[in-house]
Amino acid sequence: MGHQEIERKFLVCDDSYKQLATACIPISQGYLSLNERCSVRVRRWGDKGYITVKSHVVINRFSRYEWEKEIPAEEADQLLALCLPGKIEKKRWLVPIDDSLTCEVDEFFGLNEGLVMAEIELQSEDQPYERPAFLGEEVTGDSRYFNSYLISHPYLTWKKE
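Residues numbered from 1 in each chain as written. Predicted model: local features only at pLDDT ≥ 70, side-chain atom pairs only at ≥ 80, totals over all residues. Heavy atoms only, no water.

## Description of the pairing of strand 7 (residues 102-108)
Among the seven residues of strand 7, five are classified as buried, and the element is accordingly described as predominantly covered. Where strand 6 (residues 88-96) meets strand 7, seven bridges bridge the pair, whose relative direction is antiparallel. The partner of Lys-91 across the bridge, within strand 7, is Glu-107. Both strand 7 and strand 8 (residues 116-122) contribute to a ladder of five bridges, which runs antiparallel. The residue bridging Asp-106 from the neighbouring strand is Met-117, located in strand 8. (Buried < 20%, exposed > 50% of the residue type's maximum accessible area, 1.4 Å probe, protein only. Helix = DSSP H or I, 4+ residues; strand = E, 2+ residues; numbered from the N terminus. Pairing = 2+ DSSP bridges.)

And the structure:
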């Protein structure tokens, strides 16, 4: 069943999140389909697999449609081999920021090396949250920071010097 994903995205300004993290998971992902309306993503998350459909249309300031289903890791590996050219490789650091929220910090590798971005998924757009000190500039809604954009426009080709 799908839902509205409400998230805020930020660049990360230091690596203090590593000492605060409760887990670090390797992630490999690719795309079976990308168009102006949605993406179909395959992800290997540690020893699990997922297939996800996400809209590219932002419904309001921080929300877009997402449908995700867990699949066996072996099936995710098989589907990753069928994906469009390019792959996202990253480590995801899970940093609790209060009793109910976790900040997910993605440290990218390969052609996106040097990009470190954090996401906080909220229950509502106006939900208050504690902003960790390692969060820098907010990039919510900036499509350059969507993983689907980074596949064909890697960070190393456009980052600020």
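There's plenty left to go through after this.
## Quick word on the side chain of Ser-55
Residue position: Ser-55 is located in strand 4 (residues 48-55). For Ser-55, a relative accessible area of 13% gives the class buried. Non-local contacts of Ser-55, meaning those with residues more than four positions away in its chain, are made with Arg-37, Cys-38, Arg-64 and Tyr-65. (Contact = heavy atoms within 4.5 Å.)

## Re the environment of Thr-22
Structurally, Thr-22 is set in the loop between helix 1 (17-20) and strand 2 (23-34). Between the C-alpha atoms of Thr-22 and Leu-94, which are 72 residues apart in sequence, the distance is 5.8 Å. If sequence neighbours within four positions are ignored, Thr-22 has contacts with Leu-94 and Pro-96.

## Here's the deal with helix 2 (residues 73-80)
Among all positions of helix 2, only Ala-73, Ala-76 and Leu-80 are buried. Along the axis of helix 2, the buried positions cluster into a sector of 55°, meaning they face one direction only. In helix 2, the exposed positions angled more than 90 degrees off the buried face are occupied by Glu-74 and Gln-78. For helix 2, the elements touching its buried residues are strand 2, strand 3 (38-45), strand 4 and strand 5 (63-71). (Arc of directions from axis to C-beta.)

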